Structure formats: C-alpha cells, structure tokens
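# A look at the structure
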Amino acid sequence: MDLRPIGVYDSGVGGLTGLRALMRLLPGEDYVYFSDSGRMPYGPRPRSQLRRIAVQDMDYLASFGVKAILAACGTISSAAKEELSAYPIPAFGVLTPALDAMAAVPGDGPLAVIATAASIASGEFTDDLWKKCGMKREIVGVPCPELAPLIESGHTKRSDPLVQECVARALEPIRGRRFDAVLLGCTHYGFIEESIRDCLGRDVKLMSAADCGAQALRDYLVQNDLTGGERRDRRFYVSGDTRAFEDFAEPYLKIGPVHAEQAPIMEL
Ligand code: DGL
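Parameters and conventions
- Position numbers for residues start from 1 in each chain and track the written sequence from start to end.
- For a predicted model such as this one, the threshold for reporting local features is a pLDDT of at least 70, and the threshold for listing and counting side-chain atom pairs is 80 or more; totals across whole chains, interfaces and linings nevertheless cover every residue.
- Hydrogens and water molecules were not included; the side-chain quantities draw on all heavy atoms of the structure.
- Each residue gets one of three labels from its accessible area relative to the maximum for its type: buried under 20%, exposed over 50%, partly exposed in between, using a 1.4 Å probe on protein chains only.
- The numbering of helices and of strands both runs from the N terminus, where a helix is a DSSP run of H or I of at least 4 residues and a strand a run of E of at least 2.
- Only strands that DSSP links by at least two bridges are regarded as paired with each other.
- Consider the strands pointing away from the viewer: the crossover is right-handed when the path from the first strand over the helix to the second runs clockwise.
- Only C-alpha atoms enter the line fits that serve as axes; for helices the fit covers just the stretch in contact. Angles between N-to-C directions range over 0 to 180 degrees.
- Here a residue-residue contact requires only that any non-hydrogen atoms of the pair lie within 4.5 Å.
- The set of buried Ala, Val, Leu, Ile, Met, Phe, Trp, Tyr and Cys residues whose side-chain atoms join them within 4.5 Å is what this entry labels a nonpolar core.
- Nearness of a residue to a molecule or strand requires only that one of the residue's heavy atoms be within 4 Å of it.
- Residues adjacent in sequence count toward polar contacts only when both atoms are side-chain atoms; beyond that, a polar contact is any pair of N or O atoms within 3.5 Å, and within protein one must be able to donate a hydrogen and the other to accept it.
- Method for areas: the Shrake-Rupley scheme with a 1.4 Å probe, in which residue coverage is limited to the protein chains shown.
- Ten residues, namely Ala, Val, Leu, Ile, Met, Phe, Trp, Tyr, Cys and Pro, are considered nonpolar, four, namely Asp, Glu, Lys and Arg, are considered charged, and the remaining ones, Gly among them, are considered polar.
- Salt bridges are defined as contacts in which a side-chain nitrogen from Lys or Arg sits within 4 Å of a carboxyl oxygen from Asp or Glu.

Turning our attention to the pairing of strand E7 (residues 181-184). Alternating residues of E7 divide into Ala 181 and Leu 183 and Val 182 and Leu 184, and every residue in both groups is buried. Pairing analysis gives four bridges linking strand E5 (residues 111-115) to E7, with the strands arranged parallel. The partner of Ile 114 across the bridge, within E7, is Leu 184. In this region the chain leaves E7, passes through helix H10 (residues 193-200) and returns to the parallel neighbour strand E8 (residues 206-208); the handedness of that crossover is right-handed.

This part is about the sheet that holds strand E6 (residues 139-143). Strand order in the open sheet formed by four strands is E6-E5-E7-E8, with parallel pairing between adjacent strands. Every interior strand has two partners, whereas the edge strands, E6 and E8, have only one. Across the sheet, the mean angle separating the axes of adjacent strands is 25° when strand polarity is ignored. Contacts from helix H11 (residues 209-223) reach E7 and E8 within the one sheet, and its direction differs from that of E8 by about 45°.

Attention shifts here to the nonpolar core. In this structure, Leu 16, Ile 114, Ile 196 and Phe 245 are the most contacted members of the largest nonpolar core, which totals 56 residues. Apart from the residues within four sequence positions on either side, Ile 196 is in contact with Ile 114, Val 167, Leu 171, Leu 184, Tyr 189 and Leu 206. Counting residues in each nonpolar core, the second largest holds 26 residues, with Ala 80, Ala 91, Tyr 237 and Met 266 among its members.

Now for the environment of Trp 130. With respect to the helices and strands, the residue Trp 130 is situated in helix H7 (residues 124-132). Residue Trp 130 is classed as partly exposed on the basis of its relative accessible area, which comes to 36%. Expressed as a C-alpha distance, the spacing of Trp 130 and Ala 103, which sit 27 residues apart in the sequence, is 8.4 Å. Not counting residues up to four positions away in its chain, the partners in contact with Trp 130 are Met 135, Lys 136, Arg 137 and Ile 139.

Here the focus is the site of the ligand. Lining the immediate surroundings of the ligand are 14 residues, of which Ser 11, Tyr 42, Gly 74, Thr 75 and His 188 lie closest. The contact in question runs from an oxygen atom of the ligand to an N or O atom on the backbone of Tyr 42, over 2.7 Å. Against a free-state accessible area of 300 Å², the protein chains account for coverage of 99% of the ligand. Residue composition of the shell around the ligand, by class: six nonpolar, seven polar and one charged.

This brings us to the pattern of salt bridges. Under the criterion given, the structure shown has 22 salt bridges. Across the salt bridge formed by Glu 82 and Arg 51, the nearest N and O atoms sit 3.4 Å from each other. Highlighted residues: Glu 82 in helix H4 (residues 81-86) and Arg 51 in helix H2 (residues 47-62), separated in sequence by 31 residues. Between Asp 100 and Lys 132 there is a salt bridge, with the nearest N and O atoms lying 2.7 Å from each other. Here Asp 100, found in helix H5 (residues 95-103), pairs with Lys 132, found in helix H7; they are 32 residues apart in sequence, far enough to count as distant. Beyond isolated ion pairs, a larger network of salt bridges with shared partners links Arg 158, Glu 193, Glu 194, Arg 197, Asp 198 and Arg 202.

Next up, the structure:
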C-alpha cells in the first residue's frame, strides 16, 4: 500500500477524461491534477518544446509527492516518450497502451487515429500502430488542430452548431469511410464523443486513449502493490483561468465542488 497521491496532467481540461477513468478504476486514491491551460494548446508546438514542457509539468507534480504520474495528453505522450520513461517517478503516457488496444482490434480493415497536429506529425501514433499491426492494415492519421482549443473554450455540446461545424471540417478526410476502430488520440476529444459519432456514423467503434492510459497506470499500481487506501483527496492546480476550469470540471467529475488553485505559468 502507498498512500501518496497520483499525479495527472494535461494542457487543460482534456486530461480530466483520464482522471475520471482513473477515479473509476481506483476510487480510493488521492489525486493531484495539473491543467497547464496558461500554455494551452500544446498541439501546435514543436517537439523540442513539448519535451521540456513534459519534464516541467512532471517536476511540478513531483513537488506534491506523487507516487506515479499519468500524462493524460496524447501530444505529450507522443512527443516526449523518452522523457516519460526516464523520469525518476513512474510516469505513464496514453500512447503505448492506446496503440496496444488498437492493435488488438479484430479484423484486418483500416484503423484511424484522430489527434492534435503534433501527435500526428510525430508519426508515433500512426507508424507505431502500423508496425504493431504487422504492417498489414491501413492506418490513417487525421490531425484536428481546431478541436482541443474549441473544447477548452467550453464548446462541447452536441447541439452546438460550432462544434458540429468544426467536427465536420476536422473529420472531412475520413467522413463516409468505414474503419474497424477510430482512436481518440487527444484526451480532449472524449468531451465531444457524441458529435464525433454523429459525423462518422453512430456505429463507429471509438477507442479512448485516456481510458487506455488510465488502465495501464492502474495495472502498474496493482501489480506493484502501490495502491492507496480509502482517502479521496482531489486537488487541482491550473496555470490559466481557475474559474473556467472549475466550471468545466465540476459537472463532468460529479465529485462535489471543485476548487482549483492558481499554478504558475512556467517559462520555457
Ligand atoms: N489534451 C491534449 C492531447 O491529448 C492536448 C491538446 C492541446 O493542448 O493541443 O493531445
């Protein structure tokens, strides 16, 4: 047993999809969530910057004495794989577990990954998935630069015409095609899952990178006897607008009032 908290981070609210998945899998843990919304979006940034950001964000969480970290961010997970695996505290991304889950999808039809521009440009999602599938399946990567900033600004409702318009524009390259599965490679996309289904077809099989990352971290803690007790302390630190974060997180997490502390904007 290990009573130290679990740290979770993202460029903004997207990582809450990973946090919620973790809280369902491991309800008795303490959590510290860091939203780096003061530096959001991560998606258009070069890899060199993302690597530095990954370490800065983990150092910030480490200052709270966390026992393990989930980088609940596809962009960081693909750009800073090495930084995550070399970090002195066990740190998990969403990339590897998501690719393992995608590679296990039965059939030999095409698979698609939708994610930020940096995630698709890194090739880590698409090339690695192609290799994992024995180079036999068609893998299509779709960069969706508009979507994470749209969601972060509070546009998530299925009935919102702006959401419908942006989703249709982003998914135009794969609209009308059939895939054995489509990976939500950016953790923000969990908030607009229904709109993505409306666009790609109600029967599309969507896989969540956030859920896969949460499961991998849970498995690691269980296997190493590092799970916590019955405490439920959840702390939130936000480098951008704390109020906007609270308004977003509270109805989504449904754990009662969410209070976010102001975090510094770290210099690159
Ligand atoms: N939630 C993020 C991801 O999973 C980052 C989005 C962004 O900041 O561009 O990639």
